Amino acid sequence: MVPLLERRVTMVQESSEATFLVIQRTNFVERMTIRFLKQPSVRKIKLDKFGAYAIKQMEFQRNVNQISEAMSEHFGEEAEPALPRLVKFLEILEVHDWIIWDDEEEK
C-alpha cells in the first residue's frame, strides 16, 4: 500500500529546521467556526525531521516498506526502529484523515 497525502493537506517547509503540514479546514462545522468565531482557515502541524522525511518520500509514491528502508538509509541508527516508528506516524495521519491509501497493484 502506498500512502498519499489527502488533497486538502500540503507540506510546507518554512526554513531548513521548520517543516509543517498545512491542513485546510473544509467541513461544515469548521467553516462555521472560521466565519463566525474568526478561527484560522488552516491548521499547521509541525513535523520533526523523521515525519518531514516520510512525507517527502510519500510524494514519490513509495510504499511503506520503501519509505522505511529510505529512512533507515538516510538517518542510520538514529531512525531505528524505523518501520514501527513509520507505522505509528501513518496511523496518526490516517486517524485524522490526512492520508489516503493507494493500492500499488493497480498500477
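Use the structure listed above.
Residues numbered from 1 in each chain as written. Predicted model: local features only at pLDDT ≥ 70, side-chain atom pairs only at ≥ 80, totals over all residues. Heavy atoms only, no water.

Participant: Go over the packing of aromatic side chains with me, naming the residues and quoting the values.
Facilitator: Using the criterion set out here, one finds two aromatic pairs in the structure. Arranged with centres 4.7 Å apart and planes meeting at 65°, the rings of F50 and F75 form a pair that is edge-to-face. Here F75 lies in helix α3 (residues 64-75) and F50 lies in helix α2 (residues 49-58), a separation of 25 residues in the sequence. In this structure F50 comes out as buried when scored by relative accessible area, which is 11%. Using a relative accessible area of 16% as the deciding quantity, one classes F75 as buried. Consider the rings of Y53 and F75, whose centres lie 5.4 Å apart with planes at 75°: the pair is edge-to-face. With Y53 in helix α2 and F75 in helix α3, this pair connects stretches of sequence that are 22 residues apart. The lysine or arginine in question, K44, covers the ring of F20, its NZ or CZ lying 4.6 Å from the ring centre. The aromatic ring of F50 is capped on one face by R85, whose charged end is 4.4 Å from the ring centroid. (Phe/Tyr/Trp six-rings, centres within 6.5 Å; stacked < 30°, edge-to-face > 60°. Helix = DSSP H or I, 4+ residues; strand = E, 2+ residues; numbered from the N terminus. Buried < 20%, exposed > 50% of the residue type's maximum accessible area, 1.4 Å probe, protein only. Lys NZ or Arg CZ within 6 Å of the ring centre and 35° of its normal.)

Participant: Outline the sheet that holds strand β4 (residues 42-47), listing residues and values.
Facilitator: Strand order in this open sheet of three strands is β2-β3-β4, and the pairing throughout is antiparallel. Each end of this open sheet is capped by a strand with a single partner; those strands are β2 (9-13) and β4. Each strand of the sheet is rotated relative to its neighbour by a mean of 25°, with strand direction disregarded. Bridge count between strand β3 (residues 19-24) and β4: six bridges; the pairing is antiparallel. Bridge pairing in β4 places V22 opposite K44. (Pairing = 2+ DSSP bridges. Axes fitted to C-alpha atoms, helices over the stretch in contact; angles between N-to-C directions.)

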